[in-house]
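Structural overview for review
If you want the building blocks of each chain, they are given just below.
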Amino acid sequence: MKEHKNPKVLSEGITWMVSAVEDFGVSYLNMKDLIDFCKETGLQSSAAATRNATIKLIGILHKFVGPDIKGFLMDVKPALLSALDAEYDKNPYEGPAAPKKTVKASDSSAMPAGGTDGLPREDISSKITPALLKNFESPDWKTRLESIEAVQKILEDANKRIQPTGTAELFGALRGRLCDSNKKLVMESLLTIGGFASAMGPAVEKASKGILTDVLKCLGDNKKQMRECVLATIDLWHAAVHLDKMIPYITAALSEPKLGAEGRKDMFEWLSRQLSRLNDFSDAVHLLKPTSVAMTDKSADVRKAAETCLAEIVKAGGAEIVTKNLKDIQGPALALVAEKLKNYGTLPDLYESSQTSTAALLSKSNTKVGRTTSSAQGDRAPKHGAKSLPLRPNPMRNSKAEPILSVHDIAIQTQPILNVKDSNKEDRERLVVRRFKFEEPRLEQIQDLESGIMRYFREDLSKRLLSADFKRQVEGIEMLHKALPSLGKDIIEVMDILLRWFVLRICESNTTCLLKVLEFLPELFEALRSEGYALTEAEAAIFLPCFVEKLSGCSSISQKCESSSTDNRKKTESTCAAIKLNNSGHNIEKLRERMRELTKRIVNVYSAAKLFPFVVEGLRSKNNRTRIECADLVGFLLEHHGSE
């Protein structure tokens, strides 16, 4: 049509296009070419009929794709912009419009390479230069600000419609600015991240590598302006990504002690606003635990916001679903939630029955003990006039309670060793930061690990794995080792949790426990290989940085540390303390040999090409022995897997 000089041909052709779009929608259109045609040919025509037909075409496109189309037409003449605005009002966007007619058979390869709305997205990877990324780390705050503004300009030039290609490093650079000492730069970074979410659409969830975790941490700032900036950013994020994809990050943020009372209040108020617009949203139940905990917060504002949020959770998810998920709530929080649920006509039977059964069990136990004691005293009643002696504990007599405990143990052991129902592995992996360099596990990560083990591992196994006594930990590994052949694909669902636990054991460096870990891991990887399973990127990022860093081994934790790790100390604190004491490698040659052997087996479940960057990072280690081991491993990989 561009080649026709007759304006009547153009105007009638464009008029036909208006009716075609109205009938069939925009699913099969190349929107970039169509918009360029409208701008360069239709709107530039000297014939009024052609211009008017083009304005009608753009108006009908607005009905299908929404206001984002305006960004592609900002450079047309002001008079035309006014005419276009009037046409937009005639064709308002009310969500994705269903076409009147459909195509019965279509070639999927002919579909446009844009977003779900068909509008084109620009590849900005060529504009993300090494110089730009380097300036993000400049000691001069003005240079850092200029870098952020340069990224904002890139988004503007792309009409705020971009592809995720090549943006991973840029997200990493923006993540670093969220911890900037200059608060202005932090706020500019937040706005830029929100702009990325708006410009990239749903793809931002995977492309951002979990940056939402760092965004939500900024809610802990005591300045209201900063918190408002965070809320504006997550509003833009929510517009691009559905709330169910954000919930894992939000629940993690709410469990963060540094969030503060104001940040927690703002988060719950934001959640209440979003949940109030949803119906039949079962994922809302994942917010139940942090909300119930907040209802016992010392801050009245937090408690009030949490109660409002709980009401919205019940409305969105349903009182019945909420009632079924009370098992994860304990203590005063459970009583508060149960009280609130009465208002919805659903009394949580789980709560009441647990109270009744506990009381009955205690009563029954006390009755048995009373009878046993009376019987024993009757059999050995002192003769008249004899001196009554206090009853001393007798090991043989105390052992009579053991059958009650063993029955309980047998009941537990009849259960599956892993409970992978609703494992939500994908949600957990979204929170994993993909990096090659090892960083010590943070306190909140250890707490999340403990929660995961208690949830998905059988009670007797979880108690052993979470014990501060390395002997109990060894027993836990042996239980897993024995059950491994029968676990099949179930262990894959908790592989990330298991690898995190192994990382802690490697960091703590108890020789006995570590030898048992290194004995079990080859069997585990062989089982995965037989299942045809390869480690995911998240699982590799959890395990490999630590394993490579400790490849040379670490010096044993001091005897003082081992003796201080008693049952009376908190497990999490002792774990963190043990890790901090451990900075270099194992002196025992047997450990180093097993670690070398295990490294060579990892390629069975994670390709050598993907393993290589982790090993190269190990060459930068401060530990000389680690660098030597990694250099040997590089040689091994090149010799045996060079073709990859």
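Everything quoted here is computed from the prediction, not taken from an experiment.

**Remarks on the overall build of the protein**
Looking only at helices and strands, one finds 33 helices and zero strands in the protein. Within the protein, the fraction of its 644 residues that count as buried is 45%. Here the protein has roughly 34300 Å² of accessible surface; of this, 52% comes from carbon and sulfur atoms.

**Points about unusual backbone geometry**
Even without glycine at this site, Lys160 takes up a positive phi of about 55°. With respect to the secondary-structure elements, Lys160 resides in the loop between helix 6 (141–157) and helix 7 (168–177). Judged by relative accessible area, which is 46%, Lys160 ranks as partly exposed. With a phi angle near 55°, Asp280 is a residue other than glycine that sits in the positive phi range. With respect to the helices, strands and loops of the structure, Asp280 is situated in the loop between helix 13 (260–275) and helix 14 (288–294).

**Focus: the confidence of the model for the protein**
Do not read the fine detail of predicted coordinates wherever pLDDT is low. Per-residue confidence for the protein gives a mean pLDDT of 77, with 78% of residues at or over 70. Taken together, the stretch residues 347–407 has pLDDT below 50 and engages in 22 contacts with residues farther than four places along the chain or on a different chain. For residues 554–587, every residue scores under 50 in pLDDT, and the model assigns this stretch 73 contacts once sequence neighbours within four places are set aside.

**A closer look at the packing of helix 8 (residues 183–200) against helix 11 (residues 224–240)**
Packing of helix 8 against helix 11 leaves a shortest axis separation of 7 Å and a crossing angle of 10°. Taken together, helix 8 and helix 11 sit at an angle that is classed as roughly parallel. From helix 8, Lys183, Val186, Met187, Leu190, Leu191, Ile193, Gly194, Gly195, Ala197 and Ser198 reach across to helix 11, where they touch Gln225, Met226, Cys229, Val230, Thr233, Leu236, Trp237 and Ala240. A per-class count over the contact of helix 8 with helix 11 returns 12 nonpolar, five polar and one charged.

**Points about the nonpolar core**
Phe196, Ile250 and Leu275 are the most contacted members of the largest nonpolar core, which totals 79 residues. The element that contributes the greatest number of residues to this core is helix 8, accounting for nine residues.

**Digging into the packing of helix 7 against helix 8**
For the pair helix 7 and helix 8, interaxial distance at closest approach is 9 Å and the crossing angle is 150°. By the angle between their axes, helix 7 is roughly antiparallel relative to helix 8. The chirality of how helix 7 crosses helix 8 is left-handed. The segment helix 7 lies against helix 8, with Leu170, Phe171, Leu174 and Arg177 engaging Val186, Ser189, Thr192, Ile193, Phe196 and Met200. Among the residues forming the contact of helix 7 with helix 8, the class breakdown is seven nonpolar, two polar and one charged.

**Section: the pattern of salt bridges**
Opposite charge on two side chains permits them to pair, given that their charged atoms come into close proximity. Per the stated rule, a full pass over the model turns up 26 salt bridges. Note that Glu137 and Arg177 form a salt bridge whose closest N and O atoms lie 3.4 Å from each other. With Glu137 in the loop between helix 5 (130–135) and helix 6 and Arg177 in helix 7, the pair connects residues that are 40 residues apart, well separated along the chain. Take Glu137: its relative accessible area is 53%, and that puts it in the exposed class. The exposure class assigned to Arg177 is buried, which follows from its relative accessible area of 9%. When the shortest N-O distance is used, the salt bridge between Lys516 and Glu519 registers 3.8 Å. Note that Lys516 and Glu519 are positioned in helix 27 (residues 511–530) at a spacing of three residues, about one turn of the helix. Relative accessible area serves as the criterion here: at 36%, Glu519 is assigned to the partly exposed category.

Calculation rules
Just so you know, the residues in each chain are numbered from 1, in the order the chain's sequence is written. Where totals are concerned, whole chains, interfaces and linings use all residues; where local detail is concerned, this predicted model gives features only for residues with pLDDT of at least 70, and gives and counts side-chain atom pairs only at 80 or more. Only heavy atoms go into the side-chain values, all of them from the structure, while hydrogens and water stay out. The secondary structure listing takes helices from DSSP runs of H or I that are at least 4 residues long and strands from runs of E that are at least 2 residues long, numbered from the N terminus. Throughout this description, buried means an accessible area under 20% of the type-specific maximum (1.4 Å probe, protein chains only), exposed means over 50%, and partly exposed covers the range between. Calculation of accessible area relied on Shrake-Rupley with a 1.4 Å probe; when residues are assessed, cover is drawn exclusively from the protein chains displayed. Confidence scores here are pLDDT values: one per residue, from the predictor, ranging 0 to 100. Residue contacts are counted whenever heavy atoms from the two residues lie within 4.5 Å of one another. In this description, a line fitted to the C-alpha atoms serves as the axis of each element, helices being fitted only across the stretch in contact, and the angle between N-to-C directions of two axes falls anywhere from 0 to 180 degrees. Throughout, the term roughly parallel applies to angles under 35 degrees, roughly antiparallel to angles over 145, roughly perpendicular to angles from 65 to 115, and oblique to all others. All amino acids are sorted into three groups, where Ala, Val, Leu, Ile, Met, Phe, Trp, Tyr, Cys and Pro are nonpolar, Asp, Glu, Lys and Arg are charged, and the leftover types, Gly among them, are polar. Side-chain atoms within 4.5 Å are what join buried Ala, Val, Leu, Ile, Met, Phe, Trp, Tyr and Cys residues into a set we call a nonpolar core. Helix crossings are classified by the rotation of the near helix relative to the far one: an anticlockwise turn of less than a right angle makes the crossing left-handed, while a clockwise turn makes it right-handed. Should a side-chain nitrogen of Lys or Arg be within 4 Å of a carboxyl oxygen of Asp or Glu, the pair is scored as a salt bridge.

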